[in-house]
Amino acid sequence: MSTRVIPHWINNSPQHDPHNSTSPVWNPATGEMQAEVVLATGSVVDDAVRSAAEAFALWSEESLAARTKVMFAFREIINSRAGQLAEIISDEHGKVLSDAAGEVQRGLEVVEFACSLPTLTKGAYSDQVSGGVDSYTFRQPLGVCAGITPFNFPAMVPMWMFPVAIACGNTFVLKPSERDPSASVLLAEWFAEAGLPPGVLNVVHGDKVAVDALLDHDDVAAVSFVGSTPIAQYVHGRATVNRKRVQALGGAKNHAVVLPDADMQFAAEQLAAAAFGSAGERCMAISAAVAVGAEADRLMEQVDAQARSITVGSGRDASSEMGPIVTPESRDRIVGLIDSGEAQGAEIRVDGRGLVVPGYENGFFVGPTVIDRVDTSMDVYTNEIFGPVLSVVRVDDVGAAIDLINSNPYGNGTAVFTNSGAAARRFVRGVHVGMVGVNVPVPVPMAFHSFGGWKDSLFGEHHVHGPEGVEFYTRAKVVTQRWPESGMPGDASFDMPTAR
Ligand code: NAD
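Residues numbered from 1 in each chain as written. Predicted model: local features only at pLDDT ≥ 70, side-chain atom pairs only at ≥ 80, totals over all residues. Heavy atoms only, no water.

Student: Teacher, can you tell me more about the packing of aromatic side chains here?
Tutor: The description of an aromatic ring pair rests on the distance of the ring centres and on the angle between the ring planes. All chains considered together, the criterion is met by 11 aromatic pairs. With a centroid separation of 3.9 Å and an interplanar angle of 5°, the aromatic rings of Phe 74 and Phe 191 are classed as stacked. On the criterion of sequence distance, the pair formed by Phe 74 in helix α2 (residues 64-80) and Phe 191 in helix α7 (residues 182-193) is long-range, its members being 117 residues apart. With relative accessibility at 0%, the residue Phe 74 sits in the buried group. Arranged with centres 5.8 Å apart and planes meeting at 90°, the rings of Phe 151 and Phe 386 form a pair that is edge-to-face. Taken together, the residues Phe 151 in the loop between β8 (144-148) and α6 (156-167) and Phe 386 in the loop between α13 (379-382) and β17 (389-395) connect sequence positions 235 residues apart. On the basis of relative accessible area, Phe 151 is assigned to the buried category, the value being 9%. Ring pairs connect the aromatic residues Phe 74, Phe 162, Phe 172 and Phe 191, which therefore count as one cluster. (Phe/Tyr/Trp six-rings, centres within 6.5 Å; stacked < 30°, edge-to-face > 60°. Helix = DSSP H or I, 4+ residues; strand = E, 2+ residues; numbered from the N terminus. Buried < 20%, exposed > 50% of the residue type's maximum accessible area, 1.4 Å probe, protein only.)

Below, the structure written as structure tokens:
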């Protein structure tokens, strides 16, 4: 039987290009290659951008009511078929079905946010700024926007971008991760079914070749990127030089600080869920626990117990709490970093290396791993492991914990566990991090707030979705107008205009 090939989606139809090379799409639980995805050449990207540019002329002129109607219809389709989307995510990414359903729900909430765009894009009007003169500001779409997205949220991260961009009147070319590309194509099909005209949302698959073609294309006005920090920095630099508006969200090393006055059982349960949920392949996963003061040993015993109790298996098995790693290369990288922690003198308290899941012997599994007595020079601390590995650093007090976090180059998310309002307030105000949780380990903002980190976790000014997403995908125009009545005295002057 020939291998299934996942096509591009251009102008509301699937595009197969027999001349393109392909990349494998694994089933990470079974270790089998379940499909191949085509990798776009520059000319395929050009087709998609041209289709989007042509569609922009019509879509940007559609009424707010017409755009919103399509958005509501799209919302209904996703809502009624969420289970189908979650299954595709689980099969290509590996995450457990309930976690995939949570990802779909979080993406759906951005679509719901985008349904309220008419309210969010209302402008401002000042009457009589000068005699007979009024002034108003309104926002207009940018044109063709591009999105480049990572493997770890194959539906949610694209939905952080394209619903907001499209509701604002832009058209969109999405380049999803080549590791789990099917969710994007399905969403584009559903959007077309909801009434989205051809060319408004296009999906091109690919690697660096496709990304560079988007970054260099004269007709792309803005680029949204989410992925690892080196690529985020590269995308930001190249697209900025090409005079595009850019938001590029990068990687993370998220610390959770547990103060001695915290409820240790609660903190241990939350830490384990935040470190090992989705096999640690979340940009908001807690990858570094900071155990403060004399209660550290008690905390660690409870964290170990939690880590050992997690059921690892296929994402499709309802009893699984954690699935496999996305590719064999990622699995090997994670195991190599655990090896380095051991070699550099850290204490491996719970070891997930070599885990074999019965019935899934060829799957890409790594079990929950807890590494204690990590210091900031070790590779397990300096690298974003992006796997089910919790590194534990011990410090004496909350001030040292804040200093540790602020010395780290990343600034995506962080959390503090405490029963002290004063300590929590000091922490919240003192950390140089974009998203902070108080007794909440994964503080992912709701769709009506904006999501984004600081420092090496974001290149560019704008966070995604929420009010900053609307700002990113539109630009302001300020109009100063008067309608002279007959007989009005002229005020033409060679001086700088001032109000009268
Ligand atoms: P990645 O950087 O490898 O890939 C992201 C995208 O960039 C993909 O579409 C990929 O095809 C493309 N790409 C890869 N190499 C490229 C190159 N050399 N030139 C141009 N494009 C290239 O990231 P990933 O492994 O898919 O995802 C995991 C990373 O994403 C982690 O670092 C994680 O922290 C980060 N992430 C960040 C956020 C956030 O909100 N800050 C959210 C999700 C994931």
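After that view, the rundown keeps rolling.
Student: Help me understand the site of the ligand, please; the structure alone is not making it clear to me.
Tutor: Around the ligand, the structure places 28 residues, and the nearest of them are Lys 175, Glu 178, Ser 228, Gly 250 and Glu 384. The separation between an oxygen atom of the ligand and a polar side-chain atom of Glu 178 is 2.7 Å. Relative to its free-state accessible area of 840 Å², the ligand is covered by the protein chains to the extent of 89%. Classifying every residue of the shell around the ligand gives 14 nonpolar, nine polar and five charged. The two domains that each donate at least three residues to the shell around the ligand are domain 1 (5-250 + 457-478) and domain 2 (254-438). (Near = heavy atom within 4 Å. Polar contact = N/O pair within 3.5 Å; in protein donor to acceptor, adjacent residues only side chain to side chain. Areas by Shrake-Rupley, 256 points an atom, 1.4 Å probe, with all protein chains shown as cover. Nonpolar A, V, L, I, M, F, W, Y, C, P; charged D, E, K, R; others polar. Domains from an automatic or database assignment.)

Function cannot be inferred from these measures alone, as they are strictly geometric.
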